[in-house]
Amino acid sequence: MTILYKVHNNLYVNLTNKCPCSCTFCLRQTMDHVGESDSLWLTREPEYDEIIADFANFDVASFDELVFCGFGEPTERIDVLLKVARYFKETYHKPIRINTNGLGNLVNGRDIAPDFKGLIDTISISLNTPNADRYHELVRSRFGDQSFQAMLDFAKECTHYVPNVVMTTVDTTLTKEEEAQCKAICDSLGVTYRIRPWES
């Protein structure tokens, strides 16, 4: 069972396979691994102590940052995420990033952004498209039509607690006009816009 795995020069944490979305472009629909991982499908969700123990299997000092991102939405396990992040920050003093669909407030039924203060250095949120209707078609969130605005509100809220808030779209999926619209959304929220490559 893969808990920690390497992608590029970062160490990734695979907390859960649960996700409120069923994105049409999601990697897990076509493959079972990313980077230098074995299968990211978990037989069960790892406990805090298991995650901490797995750090001993890596040369943590050689990595640039810790990234919470596996085959599920990391904020589905917000309590474990925060506990692992706190341990990692206190032990290794390295940057921490969360890759998320931005629906963590809906998942947890509360505003989770304040929990990130002093702990999370970067949060990367999948914007995917500038259009709410298209977003719903692509992302297929179980929370329905409220999801797009909830994701935008979450990004804005994170700017108060996280130094680096990034919203991303995937290159090849949008027109230049749509990318310009995404840039305008990000500018209005005070976050960074990034067009990322589709990982194959």
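Preceding this paragraph is the structure being described.
Conventions and cut-offs
- Residues numbered from 1 in each chain as written.
- Predicted model: local features only at pLDDT ≥ 70, side-chain atom pairs only at ≥ 80, totals over all residues.
- Heavy atoms only, no water.
- Helix = DSSP H or I, 4+ residues; strand = E, 2+ residues; numbered from the N terminus.
- Buried < 20%, exposed > 50% of the residue type's maximum accessible area, 1.4 Å probe, protein only.
- Polar contact = N/O pair within 3.5 Å; in protein donor to acceptor, adjacent residues only side chain to side chain.
- Contact = heavy atoms within 4.5 Å.
- Arc of directions from axis to C-beta.
- Expected span 1.5 Å × (residues − 1).
- Salt bridge = Lys/Arg side-chain N within 4 Å of Asp/Glu carboxyl O.

Caption draft 1: Up close: the side chain of Thr129. For Thr129, the location among the structural elements is in the loop between β5 (122-126) and α4 (132-139). A relative accessible area of 1% places Thr129 in the buried class. A polar atom in the side chain of Thr129 sits 3.3 Å from the backbone nitrogen of Asn131. Setting aside anything within four residues of it in sequence, one finds Thr129 in contact with Arg134, Tyr135, Leu138, Phe148, Thr169, Leu174 and Cys182.

Caption draft 2: Spatial organisation of α4. Of the positions making up α4, those classed as buried are Tyr135, Leu138 and Val139. Viewed end-on, α4 has its buried residues packed into an arc of 80 degrees, placing them on one side of the element. Exposed side chains of α4 directed beyond 90 degrees from the buried face belong to Asp133 and Glu137. On its buried face, α4 is in contact with β5 and α5 (147-158). Sitting at the head of α4, Asn131 places a side-chain oxygen 2.9 Å from the backbone nitrogen of Asp133. In the segment just after α4, Arg140 is the residue with positive phi, at about 50 degrees.

Caption draft 3: Highlighting helix α2 (residues 78-92). Under the 1.5 Å per step criterion, the end-to-end length of α2 is 20 Å for 15 residues, consistent within 8% with the ideal 21 Å. For α2, the full list of buried residues reads Ile78, Val80, Leu81, Leu82, Val84, Ala85, Phe88 and Lys89. In this structure, the buried side of α2 is in contact with α1 (48-54), β3 (66-68), β4 (96-100) and α3 (104-108). His93 sits one or two positions beyond α2 and adopts a positive phi of about 55 degrees.

Caption draft 4: Fine view of the pattern of salt bridges. Tallying each qualifying case throughout the model produces nine salt bridges. For Arg77, the salt bridge identified is with Glu45, shortest N-O distance 3.3 Å. Placement of the pair is Arg77 in the loop between β3 and α2 and Glu45 in the loop between β2 (10-13) and α1, with a sequence separation of 32 residues. Relative accessible area serves as the criterion here: at 11%, Arg77 is assigned to the buried category. One continuous salt-bridge network, built from bridges that share partners, spans Lys18, Glu45 and Arg77.

Remember, this is a structural readout, not a statement about activity or role.
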